[in-house]
Structures are given as C-alpha cells and as structure tokens.
Amino acid sequence: MPARNSDTRFGTVTRTFHWLVALLILTAILLGVIANRLPHDTAEALARKAQLFSFHKTLGLAAFFLGLARILWALEERRPVPLHPQRKVELTLAWLVHWILYLSLVAVPLSGWVHHAAMTGFAPILWPFGQTLPFVPQSQAVANAAGAAHWVFTRLLGLAILLHIAGAMKHHLIDRDATLLRMLRGVSAPDRPHPVRHAALPAILALALYSTAAGLATLLVPNTEAVASAPPPPPAAGNWTVEDGTLSITVRQMGAEVTGSFAAWTAGITFDETPTEGRHGSVVVTIDTGSLTLGSVTRQAQEAEFFDVATHPTATFSADILPAPDGYAAQGTLTLRGVDRPVTLPFSLLIDGDTARMTGTVTLDRRDFGMGQSYDDEAAVGFPVVVDVVLTAARS
Ligand code: HEM
Ligand code: HEM
C-alpha cells in the first residue's frame, strides 16, 4: 500500500491523518457538548464537569497539533483527481467544505486555547500542555472574545462536517462511486484520470465565511464593561481618600488557584499615625459583590450558592485600625451574604507625605459565611479564601 498520494488514490499517510484527526475532532465535539450541558450544582457534579472539560481541552489540543501536521503534509502532497470533474458546482461545494475543515483545524482549537489561557481556573489542560500561552494576557475581555469565537467557529465546523459526511454518503449510496472507498481503504479510481486545476474560489469563499463568523463572534462577546462601569458606591467619609487599589480573592478550585477581583468598592478611612486610646482610626469598606470577576467561574461565584449577589448585592467590613506587631490591623466585622463574622486584616502602610500605600492579606473560611454548602469537598472548591488588598490613599 503506497504511503504517498497519486492521481488516483490516497496514500496511507493521508488516510491515517484523515481518520485520526476526524476521530479526535468528533470526540472533542461530543465531549464539549456533553460537558457544557452537565450540571454543576454539587461538588461531585462540578468535578465530573471539570474532568470532561479537561479531556475535551487536552484532546482538542492533540487534534490541533495533529491537524497542523496534516496541513503541512497536505501542502506538499498531490491530490487524487475528482471522480466527476465535469460537476463544477458540486466540486466547488466539496472544496469549499474541505477549506472550511482545514481552517477549522486551526481556528477552533486555537480559540479554545486562548479562551482557556486568558483566565485562571476551571478544568486544567492535562499533561503535557501548559495552562497559559506566552502571547495571551490574563484578561476577562480576551477570554470572552476567544470564548465567543470558539462558540461560533464550532458551529461553522459542525455545519461543515455535516455537509462533508452528507457528500461522502451521497457519493457512496447514490452515485455509487469510489469517493468514500478511496479515503476508507485506499482504493484506486478512476481508471483514466482527468487532471483538474484547483480553483481559488472555494478557498476565497471559505476565508470569507470564516471572517464573517469572526465578525459574528464579536457581536456575541458579553459586555464586561457593564460590570466595570456599574455606578460605584458613593465616596465614603474619612480623612483619607482612596485613589486606586485592588481588592482580590484567591481560591483553589479543582486543584488550581483562581484569582479574581471586585471592580467596584469604596473605603472610608479615618487614620492618624499617632494612636488615641490605642486606636489609629477606623475603616468602612463597601463592596459591590456583583462586580466580582473570578476567571471562568464568575457566573457560578455570583450565584446563590456562593456570593448570592441577587439577595446580597453588597458586603461591608467595618473595623477599628489598631497597632500590630508588623504594622497595623483592621479589626472588626465582615458582613457577607448577610452573615456577620469577626475578621482581623493585618496590613502594612508606607506613608510618604500625604500619600499612603497599604498592603494587607487575610485568609477567610468560606464556610463561616455559609458559602458553597453543597461543595463540602475541598478538592472541588477549597475552604480558604485569600483576600488581598492593595491601595493608595491621599490625605484629604
Ligand atoms: C478541535 C478541537 C475542538 C473542538 C472541535 C471543540 C468543540 C467544542 C464544542 C462543540 C463545545 C461546546 C459548545 C456548546 O455546546 O455550546 C466546546 C466548548 C468549549 N471548549 Fe472546545 N473544542 C475544541 C478544542 C478546545 C480546546 C483546545 C480548548 C481549550 C484549551 C477548548 C475549550 C473549550 C471551552 C472552555 C468550552 C466551553 C465554552 C463555554 O462554556 O463558554 N476547546 N468546544
Ligand atoms: C465520518 C466522518 C467523515 C467521513 C465519512 C469523511 C469522508 C471523506 C472523504 C470520502 C474524503 C475524500 C473526498 C474527496 O475525494 O474529494 C474526505 C476528505 C477530507 N476530509 Fe473527511 N470525512 C469525515 C470526517 C472528517 C472530519 C471530521 C474532518 C476534519 C475536520 C475531515 C476533513 C477532510 C478534509 C480536509 C478532506 C480533504 C482532503 C484533501 O485535501 O483532499 N473529514 N473525507
């Protein structure tokens, strides 16, 4: 059985590539659709969903690299001539579908990979592939755009595969020619090949379709600006004004750390370097819980099981600022999901004239606030939640 293609047959290399890639792609589609539909309401359900997504991503990447090798191979290989060179419309359609399939081999897994790499958390890619990509920043906006592209491109791929299989079946069952058997068993046909020039039209059409699909994807990108530009809570009183800062949380999920932050929060700070009756001042932090983004699990984090944004749109931390061994401590009450708990946040302060830079970290236990009660297994969602605060404030 010859390894290379000829004018009348597909060689073993092309056929092995074709069926291996087809198998990987069809399995990746099946896993993607099933994983997407699985519930995530309990720890076991979430673990199952994440595991299927991990398989989906790993298999998808295997398809990507094999697909690249296949494309390089196809660039060098001659193609067997069509069995019905006179059927111009049918040929154009078949080649258009082939071009869409070739483009999909790159665009579909790459968009999935960029979506994954732009966000931390949920369903890691299994060995030997890394979780990040050197040219992809950690950004919700990039992740959303790539996610929308993955969604649209998988639809285009699905449609192309359906047409492709329908075409193969038509040849086999209606025309009763050797089109399928050439790819399946390496059968040689026709007896007297009639050379055909490959037209540019199908390639141009396929590129145009892919560009349209990419344009469509931009319309589907969820509007993250809406969250970021939600009206901020009113400025809080105090003798220091927060100029900028980040309030972030980190939690372990399925064994990987996920970090996210609140886009909208305010802090009213009263602070004096010289303590009065053992107190340096006080702080009241108001947090818009709906402004949280947490990697790929933002939606889940906002649901009733966790932050319950619909019922508790704000969380507050009211504390006294006390001296502490390595700086200061904000000691008070955190109200989250309507539950009050004492919390002490140690922090360091660098005061330069009328500007202060504050850095503090505290680890909370989500169970103290009744968060994620049905996730009682730490392997799915860790109990500790690390809160990091970094801010710059100006004396007013
Ligand atoms: C040839 C390879 C691939 C194919 C054919 C494919 C196909 C699919 C399909 C059909 C879905 C389900 C969409 C739905 O039901 O709405 C999906 C979802 C998804 N895929 Fe892929 N995929 C591939 C590669 C990848 C890769 C390499 C990654 C990441 C490294 C990835 C990440 C994802 C993610 C995160 C989702 C869920 C998207 C969401 O829920 O918004 N995919 N994929
Ligand atoms: C059960 C599913 C499939 C069947 C029955 C099938 C059948 C065939 C057949 C009969 C041919 C030869 C067409 C010709 O002689 O012009 C072919 C070619 C091709 N198939 Fe498939 N295929 C399947 C799945 C896939 C999938 C999932 C992909 C990739 C995403 C794919 C990509 C291609 C490409 C790119 C060619 C063109 C090869 C060339 O460059 O000449 N196929 N397929």
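Residues numbered from 1 in each chain as written. Chains lettered and ligands numbered in written order. Predicted model: local features only at pLDDT ≥ 70, side-chain atom pairs only at ≥ 80, totals over all residues. Heavy atoms only, no water.

### Observations concerning the overall build of the chain
Part 1 of the argument: Looking only at helices and strands, the chain has eight helices and ten strands in total.
Part 2 of the argument: Relative to the 2.2 N^0.38 estimate, which gives 21 Å for 396 residues, the radius of gyration of the chain is 29 Å and therefore markedly larger than a compact globule would have.
Part 3 of the argument: A buried classification covers 42% of the 396 residues belonging to the chain.
Part 4 of the argument: In the chain, 68% of the contacts between residues at least 6 apart in sequence involve partners at least 24 apart.
Part 5 of the argument: Approximately 20800 Å² of the chain is accessible, and the part contributed by carbon and sulfur atoms is 64%.
Part 6 of the argument: Once the 28 positive and 31 negative side-chain charges of the chain are each reduced to a mean point, those two points are 23 Å apart. (Helix = DSSP H or I, 4+ residues; strand = E, 2+ residues; numbered from the N terminus. Rg over C-alpha atoms; globule rule 2.2 N^0.38 Å. Buried < 20%, exposed > 50% of the residue type's maximum accessible area, 1.4 Å probe, protein only. Contact = heavy atoms within 4.5 Å. Areas by Shrake-Rupley, 256 points an atom, 1.4 Å probe, with all protein chains shown as cover. Lys, Arg positive; Asp, Glu negative; His and termini not counted. Charge placed at Lys NZ, Arg CZ, Asp CG, Glu CD.)

### Side note on the pairing of strand 2 (residues 256–262)
Part 1 of the argument: In the sheet, strand 1 (residues 240–253) pairs with strand 2 via seven bridges, with the strands oriented antiparallel. The partner of Arg252 across the bridge, within strand 2, is Glu257.
Part 2 of the argument: Between strand 1 and strand 2, which pair antiparallel in sequence order, lie two residues; one of them, Met254, sits at a positive phi of approximately 50°.
Part 3 of the argument: Sheet topology note: the strand 2/strand 5 (residues 292–293) ladder contains two bridges and is antiparallel. Note that in strand 5 the partner of Ser261 across the bridge is Thr293. (Pairing = 2+ DSSP bridges.)

### Some points on the coordination of the iron atom of ligand 1
Part 1 of the argument: Coordination of the iron atom of ligand 1 by the protein involves His56 (NE2) and His150 (NE2), with metal-donor separations of 2.0 to 2.1 Å.
Part 2 of the argument: Coordination geometry of the iron atom of ligand 1: the six donor atoms subtend angles of 88 to 179° at the metal centre, consistent with an arrangement described as octahedral. Here His56, found in helix 2 (residues 43–76), pairs with His150, found in helix 4 (residues 140–175); they are 94 residues apart in sequence, far enough to count as distant. When sorted by exposure, His56 lands in the same class as His150, which is buried. (Donors = N, O, S within 2.8 Å, 3.2 Å for Na, K, Ca; no water. Tetrahedral: all angles 85-135°; square planar, octahedral: opposite > 155°, others 65-115°.)

### Thoughts on the coordination of the iron atom of ligand 2
For a metal with four donors in a tetrahedral arrangement, the ideal angle between donors is 109.5 degrees, while six donors in an octahedron ideally sit at 90 or 180 degrees.
Part 1 of the argument: Here the iron atom of ligand 2 is held by the protein donor atoms His18 (NE2) and His164 (NE2), which lie 2.0 Å from it.
Part 2 of the argument: Of note is the iron atom of ligand 2, whose six donor atoms meet at the metal with angles of 85 to 179° in an arrangement that counts as octahedral. Here the residue His18 occupies a position in helix 1 (residues 12–37), and His164 occupies one in helix 4, the gap between them amounting to 146 residues.
Part 3 of the argument: Classification of His18 by relative accessible area gives buried; the value is 12%.

### What about the site of ligand 1?
Part 1 of the argument: In the neighbourhood of ligand 1, 22 residues make up the surrounding shell, with Asn36, His56, Gly112, His150 and Arg155 lying closest.
Part 2 of the argument: At 3.2 Å, a side-chain N or O of Arg155 approaches an oxygen atom of ligand 1.
Part 3 of the argument: The element that contributes the greatest number of residues to the shell around ligand 1 is helix 3 (residues 88–117), accounting for six residues.
Part 4 of the argument: Tallied by class, the residues present in the shell around ligand 1 amount to eleven nonpolar, nine polar and two charged. (Near = heavy atom within 4 Å. Polar contact = N/O pair within 3.5 Å; in protein donor to acceptor, adjacent residues only side chain to side chain. Nonpolar A, V, L, I, M, F, W, Y, C, P; charged D, E, K, R; others polar.)

### A few points about unusual backbone geometry
Part 1 of the argument: The amide bond that connects Ala189 to the next residue, Pro190, takes the cis arrangement and shows omega of -5°.
Part 2 of the argument: Tracing the backbone shows Pro190 in the loop between helix 5 (179–185) and helix 6 (201–220).
Part 3 of the argument: Even without a glycine there, the phi angle at Arg176 is positive, about 50°.
Part 4 of the argument: Overall, Arg176 belongs to the exposed group, its relative accessible area being 70%.
Part 5 of the argument: Of note in this structure, Asp308 is not a glycine but carries a positive phi near 50°.

### Remarks on helix 6
Part 1 of the argument: Helix length check: helix 6, at 20 residues, gives a terminal C-alpha distance of 29 Å against a target of 28 Å (1.5 Å per residue), a fit within 8%.
Part 2 of the argument: For helix 6, the set of buried residues is Pro202, Ala203, Ala206, Tyr210, Ala213 and Ala217. Buried residues of helix 6 fall within an arc of 100° about the axis and therefore sit on the same side. Pointing more than 90 degrees away from the buried face of helix 6 are the exposed residues Ile204, Thr218 and Leu219. (Expected span 1.5 Å × (residues − 1). Arc of directions from axis to C-beta.)

### Some remarks on the domain arrangement of the chain
Part 1 of the argument: Its domain assignment divides the chain into domain 1 (12–222) and domain 2 (228–395).
Part 2 of the argument: If you average the C-alpha positions of domain 1 and of domain 2, the two centres end up 44 Å apart.
Part 3 of the argument: Taken together, the contacts link twelve residues of domain 1 with 18 residues of domain 2.
Part 4 of the argument: In total, about 1200 Å² of surface goes out of reach between domain 1 and domain 2, with carbon and sulfur atoms giving 61% of it.
Part 5 of the argument: Taken together, domain 1 and domain 2 are joined by zero residue pairs in polar contact (both at pLDDT 80 or more). (Domains from an automatic or database assignment. Buried area = accessible area lost by both parts, 1.4 Å probe.)

### Examining the packing of helix 3 against helix 6
Part 1 of the argument: The geometry of helix 3 relative to helix 6 is characterised by a closest axis approach of 8 Å and an angle of 45° between their N-to-C directions. Taken together, the axes of helix 3 and helix 6 are oblique relative to one another. For helix 3 against helix 6, the interelement crossing comes out right-handed. Only Leu201, Pro202, Ala203, Leu205, Ala206, Leu207, Leu209 and Tyr210 of helix 6 make contact with helix 3, whose side of the interface consists of Thr92, Trp95, Leu96, Trp99, Ile100, Leu103, Ser104, Ala107 and Val108.
Part 2 of the argument: Here the contact of helix 3 with helix 6 is built from residues that sort into 15 nonpolar, two polar and no charged. (Axes fitted to C-alpha atoms, helices over the stretch in contact; angles between N-to-C directions. Parallel < 35°, antiparallel > 145°, perpendicular 65-115°, else oblique. Left-handed = near helix turned anticlockwise from the far one by under 90°.)

### Some points on the packing of aromatic side chains
Part 1 of the argument: For the coordinates displayed, the defined rule picks out nine aromatic pairs.
Part 2 of the argument: Joined through ring pairs, the aromatic side chains of Trp240, Phe271, Tyr328 and Phe347 make up one cluster.
Part 3 of the argument: Cation over ring: Arg367 sits above Phe383, and NZ or CZ is 3.6 Å from the ring centre. (Phe/Tyr/Trp six-rings, centres within 6.5 Å; stacked < 30°, edge-to-face > 60°. Lys NZ or Arg CZ within 6 Å of the ring centre and 35° of its normal.)

### What to know about the site of ligand 2
Part 1 of the argument: Around ligand 2, the structure places 16 residues, and the nearest of them are His18, Arg79, His98, Tyr102 and His164.
Part 2 of the argument: Arg79 is positioned with one of its side-chain polar atoms (N or O) 2.8 Å from an oxygen atom of ligand 2.
Part 3 of the argument: Within the contact set of ligand 2, an oxygen atom lies 2.6 Å away from a side-chain nitrogen or oxygen of Tyr102.
Part 4 of the argument: Elements with a contribution of two residues or more to the shell around ligand 2: helix 1, helix 3, helix 4 and helix 5.
Part 5 of the argument: With four residues, the top contributor of residues to the shell around ligand 2 is helix 5.
Part 6 of the argument: Taken together, the residues of the shell around ligand 2 break down into nine nonpolar, four polar and three charged.

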